[in-house]
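Structural overview for review
So you can see what is in the structure, the chains are spelled out below.
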Amino acid sequence: MVFKIARKHLCIPYVLFLLLFVIAPVIVILYYAFTNGEGQFTVANFLGFFTSGNTVGTLLYSLFIALIVTCVCVLLAYPVAYILSKMMGRKRSTLLLLFIIPMWINFTLRLTALKEVLSVIEGNLAYHPFLNTVIGQTYDFLPFMILPIYTTLCKIDKSYVEAASDLGASPAEVFFKVTLPLSMPGIISGIMMVFLPAMTNYVILDMMYNSTYIMGSLIGGYFSAYNWNQGSMISIVLLAIICVATLFTNKFTDGEEAADRGAVL
Amino acid sequence: MKKFMSAFCLGILLLFIYLPIMLLAVYSFTTSPQLGSIREFSLQNYVTLFTTADLRNMIIGTFALALGSALIATILGTLGAIGAFYSGKLSKRVINAMNQIPVVNADVVTGFSICIFLIVVLNIGKETYIPLVAGHVVLSAPFVFLSVVPKLKQMDGSIYEAALDMGATPLTALVKVVIPQIFSGIMSGFMMAVTISLDDYFVATYTKPATFDTISTYVVNATKGAQTDIKTALWALSTVIFVVVVLAVLSMNMAGRKGKTDEKMD
């Protein structure tokens, strides 16, 4: 009998690749997170994370920064996406491009530019580390919030809006009772694209002279100190947060928005 | 009034986005070491950018890494998407779930876990570039997969069957019938893979050889140092990349528009 190669077998290389470079590393950090330097099983790393004031403080600080940045991004991105979705034709596509071109420029270079401007305005960046972090992260992440909200707003069937106003709803009522709820999937996938990077992208804090640690800086710190076990523990905590968030948001989106980043190309 | 408010709102944000890049572009053509004090016109930054060996190697290395890893990611992701599309429900769900992990995961965690597994556990040296390339493929291949899947769903499956009925081998039918129909998805996946690799800092910093730098790792190190000529040469780099990106986006947009009108005329 000859083994016949069917089309479905084409995915074998990719599956092997994912198993080797995605699944195996996750298993390895799970192992490291629950063992000590001698390889013995322990929950000390785990308990240590949640009983140390330092690490819990870092977790709370990360959540706080991510919350602020995400809110700022939604508040800035929604009006832009809304106005763009109401436009027509060429003007709309050109303006959309203008808002998402930054996605294709290396973020460290863009932050260098922002930093130079902020130091002219503020004199010394070190005076406002928190404010600069929020500005820097917003500058970096804003396009990733605009794009999914815009895509969802464009998909909304206009007849819902027309029906609501025909039935006597005021423009404000139409927005809050029809448009906003229907655009929730876009907002949520935008939040998914912004919240986690805001908790972990410590390069932005470094560049803005913010010496307070966030979750990402903890991993970086343990990595430099060759402390794989503690570093893995932090990674596992982050993975757990991601899992909870994904399970929660799967109710709203079908994952297709993740491909939005390339939809404009 | 409403129109004015809209324009004002968009204008302020565009100013926020572009003012820093534009100012840096203007100052990159001067001898000034910081914004605010215009001195004389000079191309010195551009000369430094293209003649300093360090900077040149870093730029070439970044683009070689981006194109190489994007090529691997495109092949793996496309094959994966085609295979998964024709697989049973269960395996499709498993592949989709695995594919989703690097998409939702934090880059720091992806980089750290790959580093621990490949370098600490398997003892593969960073100098082999294997961890770095593997890391970048992990970041970008899932996006290729995600951009090919919708094209497969839109594809007319009966053409493939027709090709087989007329005597084409499955391989010929795949290359000549399926690939052309999903080609736009493959191309946008490839472009995404390139930009993801170019934008990455975290995976590179955990997996790169000590002597190799990408633009991101180089810029982050340079901002910690005090070398003014390197700092201002990076302004020139930022300007060059900005111009290239704008030109690329414009030409792609034109090509896309032309393609659309061509389709209409058919």
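Starting afresh in each chain, residues are numbered from 1 along the sequence in its written order. Note on labels: chains are lettered from A, ligands numbered from 1, in written order. Local features in this predicted model are restricted to residues of pLDDT 70 or higher, and side-chain atom pairs are both shown and tallied only at a pLDDT of 80 or more, whereas totals for entire chains, interfaces and linings draw on every residue. For side-chain calculations, the full set of non-hydrogen atoms in the structure is used, while hydrogens and water are omitted.

Some remarks on the side chain of Thr232 of chain B
Residues and elements named next belong to chain B. Helix numbering and strand numbering both begin at the N terminus, where a helix is a DSSP run of H or I of at least 4 residues and a strand a DSSP run of E of at least 2. Structurally, the position occupied by Thr232 is in helix α11 (residues 228-265). A residue is classified by how much of its surface remains accessible, and Thr232, at 6% relative accessible area, is buried. In contact with Thr232, other than residues within four places in its own chain, are Ser32, Pro33 and Asn45. Each residue is assigned to one of three classes by its accessible area relative to the maximum for its type, calculated with a 1.4 Å probe on protein chains only: buried under 20%, partly exposed between the two thresholds, exposed over 50%. Contacts: residue pairs with any heavy atoms within 4.5 Å of one another.

Notes on unusual backbone geometry
A negative phi holds for most residues other than glycine; trans holds for most peptide bonds. Here the phi dihedral of Tyr226 of chain A falls at roughly 55°; this positive angle occurs in a residue that is not glycine. Position of Tyr226 of chain A among the secondary structure elements: in the loop between α11 (215-224) and α12 (228-249). Phi angles above zero are rare outside glycine, and Tyr129 of chain B is one such case at about 65°. Looking at where Tyr129 of chain B falls in the secondary structure, it is placed in the loop between α5 (107-121) and α6 (130-154). You can call Tyr129 of chain B partly exposed: its relative accessible area is 35%.

Details of the packing of helix α5 (residues 107-122) of chain A against helix α10 (residues 215-224) of chain B
Inter-axis angles, ranging from 0 to 180 degrees, are taken between N-to-C directions of lines fitted to C-alpha atoms, where helices are fitted over the stretch in contact. Viewed as axis vectors pointing N to C, α5 of chain A and α10 of chain B meet at an angle of 30°, and their least axial separation amounts to 9 Å. With respect to each other, α5 of chain A and α10 of chain B are oriented roughly parallel. Facing Thr108, Leu109, Thr112 and Lys115 of chain A of α5 of chain A, the residues of α10 of chain B in contact are Ile215, Ser216, Val219, Val220 and Thr223 of chain B. Broken down by class, the residue content of the contact of α5 of chain A with α10 of chain B amounts to four nonpolar, four polar and one charged. Here the angle decides the label: under 35 degrees means roughly parallel, over 145 means roughly antiparallel, 65 to 115 means roughly perpendicular, and every other value means oblique. For this scheme, ten residues count as nonpolar: Ala, Val, Leu, Ile, Met, Phe, Trp, Tyr, Cys and Pro. Four count as charged, namely Asp, Glu, Lys and Arg, and the remainder, Gly too, count as polar.

Looking at the confidence of the model for chain B
As a per-residue measure, pLDDT reflects the predictor's confidence and takes values from 0 up to 100. On average, chain B scores 86 in pLDDT, and the residues at 70 or more come to 95%. For chain B, per-element mean pLDDT is lowest for α11 of chain B, which scores 77, and highest for α6 of chain B, which scores 93.

With respect to the interface of chain B and chain A
Taken residue by residue, the interface counts 85 residues in chain B and 76 residues in chain A. Defined in terms of a 1.4 Å probe, buried area is the accessible area two parts forfeit on being brought together, summed over both. Both sides of the chain B and chain A interface together cover about 7400 Å² of buried area, and 80% of this is carbon and sulfur. Area buried by chain B at its contact with chain A is led by Leu10, Met98 and Phe112 of chain B, which between them contribute 9% of it. Any carboxyl oxygen of Asp or Glu within 4 Å of a side-chain nitrogen of Lys or Arg constitutes a salt bridge here. Summed over the shared surface of chain B and chain A, the number is one salt bridge. Broken down by element, the side of chain B that touches chain A gets its largest block of residues, 13 residues, from α11 of chain B. In terms of residue class, the side of chain B that touches chain A is made up of 63 nonpolar, 15 polar and seven charged.

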